[in-house]
Amino acid sequence: MNLVANGLRKSYGNVRALDGFDLSVPPGVIHGLLGPNGAGKTTAVKALATLVDVDAGTARVAGFDVRTQAAQVRSRIGLIGQSAAVDEILGGRQNLVMFGRLYGMNKTDARARADRLLEMFGLTGAADRAVSTYSGGMRRRLDIAAGFILTPAVLFLDEPTTGLDPRGRNEVWATVREVAAAGTTVLLTTQYLDEADQLAARISVMNHGRVVASGTPDMLKRQIGGDRVTVTIAADASLDEVAERLAAAVGIPAVPDAETRRLTFEVGSGVTGLSAVVRALDECGVTPEDLVLRRPTLDEVFLTLTDAPREAAR
Ligand code: ATP
């Protein structure tokens, strides 16, 4: 495991920022850390990056203990937060060469590394333009490249796509995948559930300083309930009346949504559930406008597992 935490605790006064935080991430994997505001995500990352001292618990990063071997940990991690360290006036290449020199590389090695990173992250064409002319997505890719000069064993990425448009987000996602493909473990904190769903092989959902659920996105979706069958009812029928009849025929409750005129059945297994609903529609003589089978979304998982306000899951 490249990243292991056992029972981390950290209090600020009487606020328990970490209250028994556990984590286990193998090398080369993108792991998502999700949670509502104040859940303890930043504190967890800071503890693993040796930036805060924990009150109790143990953690190892790239094989080294964060409390007793902090220097070894620091030389093997990259930390990319919200505020970037790149210079606006310099070009992308100059920035990367400068970072390489700061990390102690000689000029030739720093230049070679900069060229390799520019190529890897699709920035070669803009290498000599001032960073101030870059798009948001390009900026973030350069930030990540700067954190990747020494190919860290573990990269901590804090909300890497906040404020980017969809194209910029896609570009950054491709970069994060490149980083993991090169063997680096990525711990990604994000408020965007679709980002975690897209990128992370596994996800830990945090609430009140501890992990309340973890697994692959699919496992988490399955854990909070079965698949959903959603039926859209024509406008000329009474939604409540149809809901009652169908629920009786299927044998499970139907959750109506008056605004969209949809009835949702939480069925155990997709295919059996779908045929039960289709049979019930037939029996009741109801022709739906639409019929959809779907997994719960990660939004639904998040809202079920945490006390996040609804907006936080958007
Ligand atoms: P966000 O998504 O808002 O960044 P988070 O999940 O990263 O939240 P943390 O920043 O780790 O959460 O904070 C966890 C709790 O610890 C919060 O209640 C926060 O107010 C508190 N906290 C964090 N840092 C400090 C500090 N330096 N002093 C006092 N309280 C703190």
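Note that the coordinates shown come from a computational prediction; the quantities given were computed from them, not determined experimentally. (Residues numbered from 1 in each chain as written. Predicted model: local features only at pLDDT ≥ 70, side-chain atom pairs only at ≥ 80, totals over all residues. Heavy atoms only, no water.)

Side note on the domain arrangement of the protein
Under the domain assignment, the protein is made up of domain 1 (3-222) and domain 2 (226-295). Here the C-alpha centre of domain 2 lies 43 Å away from the C-alpha centre of domain 1. (Domains from an automatic or database assignment.)

Describing the nonpolar core
With 36 residues, the main nonpolar core has Leu96, Leu117, Phe121, Ile144, Leu157, Val176 and Val186 as its most contacted residues. Residue assignment for this core shows that the elements contributing at least two residues are α3 (92-102), α4 (107-120), α5 (136-146), β7 (154-158), α6 (166-181) and β8 (185-189). Phe121 has contacts with Arg141, Ile144, Ala145, Phe148, Thr175, Glu178 and Val179, leaving out every residue within four places of it along the chain. (Core = buried A, V, L, I, M, F, W, Y, C linked by side-chain atoms within 4.5 Å. Buried < 20%, exposed > 50% of the residue type's maximum accessible area, 1.4 Å probe, protein only. Helix = DSSP H or I, 4+ residues; strand = E, 2+ residues; numbered from the N terminus. Contact = heavy atoms within 4.5 Å.)

Digging into the packing of aromatic side chains
All chains considered together, the criterion is met by 1 aromatic pair. Look at Phe121 and Phe148: their rings are 6.0 Å apart centre to centre, the planes differ by 50 degrees, and that puts the pair in the tilted class. In this pair, Phe121 is assigned in the loop between α4 and α5 and Phe148 in the loop between α5 and β7, connecting sequence segments 27 residues apart. Neither residue differs from the other here; Phe121 and Phe148 are each classed as buried. Over the face of the ring belonging to Tyr192 we find Arg169, whose NZ or CZ atom lies 4.3 Å from the ring centre. (Phe/Tyr/Trp six-rings, centres within 6.5 Å; stacked < 30°, edge-to-face > 60°. Lys NZ or Arg CZ within 6 Å of the ring centre and 35° of its normal.)

Examining the side chain of Glu171
Of note, Glu171 is situated in helix α6. At 2.9 Å, the side chain of Glu171 forms a polar contact with the side chain of Arg141. (Polar contact = N/O pair within 3.5 Å; in protein donor to acceptor, adjacent residues only side chain to side chain.)

Description of the environment of Leu164
Mapped onto the secondary structure, Leu164 falls in the loop between β7 and α6. On the basis of relative accessibility, which here comes to 17%, the residue Leu164 falls in the buried class. Note: C-alpha distance between Leu164 and Ser135 (29 residues apart in sequence) is 9.1 Å. In this structure, Leu164 is in contact with Gly136, Gly137, Arg140, Arg169 and Val172, ignoring residues within four places of it in sequence.

Describing the site of the ligand
Residues in close proximity to the ligand include Tyr12, Val15, Ala17, Pro36, Asn37, Gly38, Ala39, Gly40, Lys41, Thr42, Thr43 and Gln191, which together make up its full environment. Within the side chain of Lys41, a nitrogen or oxygen atom sits 2.8 Å from an oxygen atom of the ligand. Within the side chain of Gln191, one N or O atom sits 3.3 Å away from an oxygen atom of the ligand. Protein coverage of the free-state accessible area of the ligand, which is 630 Å², stands at 59%. (Near = heavy atom within 4 Å. Areas by Shrake-Rupley, 256 points an atom, 1.4 Å probe, with all protein chains shown as cover.)

Observations concerning unusual backbone geometry
At Glu159, a position not held by glycine, the phi torsion is positive, near 45 degrees. Locating Glu159 in the fold gives a position in the loop between β7 and α6. We note that Arg261 has phi near 60 degrees; this positive angle belongs to a residue other than glycine. Looking at where Arg261 falls in the secondary structure, it is placed in the loop between β12 (255-257) and β13 (262-266).

Considering the sheet that holds strand β11 (residues 228-232)
Read across the sheet, 4 strands follow the order β12-β13-β11-β14 without closing on themselves; strand pairing throughout is antiparallel. Edge positions in the sheet fall to β12 and β14 (290-294), since each has one partner strand and no second. In this sheet, adjacent strand axes meet at a mean angle of 20 degrees when their direction is disregarded. (Pairing = 2+ DSSP bridges. Axes fitted to C-alpha atoms, helices over the stretch in contact; angles between N-to-C directions.)

Structural notes on the pairing of β11
Within β11, 5 of the 5 residues are buried, leaving the element largely enclosed by the surrounding structure. Residues Arg228, Thr230 and Thr232 of β11 are buried on one face, and the alternating residues Val229 and Val231, pointing to the opposite face, are buried as well. The pairing of β11 with β13 spans 5 bridges and is classified as antiparallel. Following the sheet pairing, Thr232 is matched in β13 by Arg262. Strand direction decides the pairing type here: β11 and β14, joined by 5 bridges, are antiparallel. Along β14, the bridge assignment pairs Thr230 with Val292.

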